[in-house]
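Structural characterization, general
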Amino acid sequence: MGHIHDWDAAELLEKAVATRADLFFVRLDQAMIDGTIPFHQADKTLQAIYKLMKAAATTIADPRHSHRGRRPAAVSGFLEDDVRLGHTKHGSFVFTVVTRLGDPVDGPDAEAQHPPLAFPRRVMETLARGLETTKRLTRACDVSALEPPSSHGLSAGTVESLEEMSQPDHLRSVDLSFEWAAGEPKPDVGLATIVLDRDVILGLPSVRERLVRQEEPLRRETLIGLVKSLTREDAATSDEEAALVIVAAEVNGKPLRVHVPLAGDDHGWAIMAYQRQLPATVTGDLSYERRAWRLTGDITVDSTFLQHVSGTSTPDTGA
């Protein structure tokens, strides 16, 4: 077969695998003197690809899932048993993801004649649809018009993964393509290469922000965590000192760095917590805006623990 079609060994293997597997190719288009990329970039890209597959599988298993915390069993099974990393292709640096569809259904009954789509194929179709839709959204399409986002394969996790793999400044584009299993009907998505050039890459953060706002609506949250930084601000309407504080806290199992504006004694307690590396407790309206998590609204600081540690009812900042 290789001689007949003029395929080398790698191409012949790819064709053989593709009869009962969908292939997903991630090509990094960048200058490479010797055809290599840094280990750090390879590691980041593999992690991002894994997150892409996980996000697509979660969307199929449970369209209403928050993409945080525990995933449905079907997602774990898919990632463990059905998806593999294949050989790279010649001519550029390409990651090959192989999704195995399993054995075809045999028999004369109706299910054998019209079998339901296998879960791995549904994941790959969802991934392709999400990638195509994400590229369109970078051209200022309104996310709210695509309700629910999951029906278009969209999730903030998908877009975040694309951001992570496209971070290197020397990267010209990320080219994403699919080769659908010959043993199954070809879907109506993923038929052309999806090219994420620098213009598209620059538009990804705004798309993710809009999706996060839909997935994570404004809600009241109490954060308990370490103060990682304080940036002093000029208080426009008061003589009190004010600062923008970044608190590292876990929210629903997800680690976040949240920007919190504080003034007066609340600012003083934050300074003390920062200096002594003690956890601070702050409550406010949590949302994702301007590419960062923020607390807004009626913000309150619970200084009970810090008062107990310092033995004083006012902030001890050492000033």
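Each remark here, short or long, concerns the structure printed above.
A word on the overall build of the chain. Along the backbone of the chain there are ten helices and ten strands. Considering the chain as a whole, with its 319 residues, one finds that 45% of them fall into the buried category. For the chain, contacts bridging at least 24 residues in sequence account for 67% of all contacts bridging at least 6. Carbon and sulfur atoms make up 51% of the accessible area of the chain, which totals about 17100 Å².

On to the packing of aromatic side chains. As enumerated under the stated definition, the model contains five aromatic pairs in all. Ring centres 5.2 Å apart and planes at 70° place the aromatic pair Y288 and W293 in the edge-to-face group. The exposure classification of Y288 matches that of W293, with both residues buried. In textbook terms, an aromatic cluster arises when at least three aromatic residues are bridged by ring pairs, as seen for F24, F178 and W180.

This part is about the pattern of salt bridges. For the structure on display, the rule yields 13 salt bridges. Among the ionic pairs, E184 bridges to R20, the shortest N-O distance being 2.8 Å. A residue pair is termed long-range when its members are at least 10 positions apart, and E184 in the loop between β4 (171-179) and β5 (194-197) and R20 in the loop between α2 (9-17) and β1 (21-30) qualify at 164 residues. The residue E163 makes a salt bridge to R208 at a minimum N-O spacing of 2.4 Å. Linking E163 in helix α7 (residues 156-165) with R208 in helix α8 (residues 198-215), this pair joins segments that are 45 residues apart in sequence. Taken individually, E163 and R208 each receive the classification buried, so the pair is uniform in this respect. Within this structure, K51, E160, E163, E164 and R208 form a network of salt bridges that share partners.

This part is about unusual backbone geometry. The backbone of N252 shows a phi angle near 55°, a positive value even though the residue is not glycine. For N252, the location among the structural elements is in the loop between β7 (242-251) and β8 (254-263). In this structure N252 comes out as partly exposed when scored by relative accessible area, which is 45%. In this structure, Q277 is a non-glycine residue whose phi angle is positive, near 55°. In this structure, Q277 sits in the loop between α9 (264-276) and β9 (279-289).

Here five strands make up an open sheet; going across it, the order is β2-β3-β1-β4-β5 and the pairing antiparallel. Looking at which strands have only one partner, the edges of the open sheet turn out to be β2 (83-86) and β5. Averaged over all adjacent pairs, the angle separating strand axes in this sheet is 20°, with direction ignored. In terms of strand pairing, β1 meets β4 through eight bridges, oriented antiparallel. Within β4, the residue paired with Q30 across the bridge is L171. Here helix α3 (residues 39-61) sits on the sheet and contacts β1, β2, β3 (93-100) and β4; the angle it forms with β3, its principal contact strand, is near 30°. The strands that helix α4 (residues 73-82) touches are β2 and β3; relative to β2, the one it contacts most, it runs at about 35°.

If you add up the space inside the largest pocket, you get close to 620 Å³. The wall of the largest pocket is formed by 26 residues, among which K51, H67, R71, E160 and K254 lie closest to the centre. Looking at side-chain class alone, the lining of the largest pocket contains eight nonpolar, six polar and twelve charged residues.

For α4, every residue scored as buried is listed here: V75, F78 and L79. The buried residues of α4 all sit within an arc of 90° when viewed along its axis, so they share a single face. Away from its buried face, by an angle of more than 90 degrees, α4 presents the exposed residues A73 and E80.

How each quantity is defined
- Residues numbered from 1 in each chain as written.
- Predicted model: local features only at pLDDT ≥ 70, side-chain atom pairs only at ≥ 80, totals over all residues.
- Heavy atoms only, no water.
- Helix = DSSP H or I, 4+ residues; strand = E, 2+ residues; numbered from the N terminus.
- Buried < 20%, exposed > 50% of the residue type's maximum accessible area, 1.4 Å probe, protein only.
- Contact = heavy atoms within 4.5 Å.
- Areas by Shrake-Rupley, 256 points an atom, 1.4 Å probe, with all protein chains shown as cover.
- Phe/Tyr/Trp six-rings, centres within 6.5 Å; stacked < 30°, edge-to-face > 60°.
- Salt bridge = Lys/Arg side-chain N within 4 Å of Asp/Glu carboxyl O.
- Pairing = 2+ DSSP bridges.
- Axes fitted to C-alpha atoms, helices over the stretch in contact; angles between N-to-C directions.
- 1 Å grid on protein atoms, 1.4 Å probe; cavity = no way out; pocket = protein on both sides within 12 Å on 5 of 7 lines; lining within 4 Å.
- Points joined across faces, edges and corners; volume = space filled by probe spheres on them.
- Nonpolar A, V, L, I, M, F, W, Y, C, P; charged D, E, K, R; others polar.
- Arc of directions from axis to C-beta.

Functional significance is not addressed by these values, which are geometric in nature.
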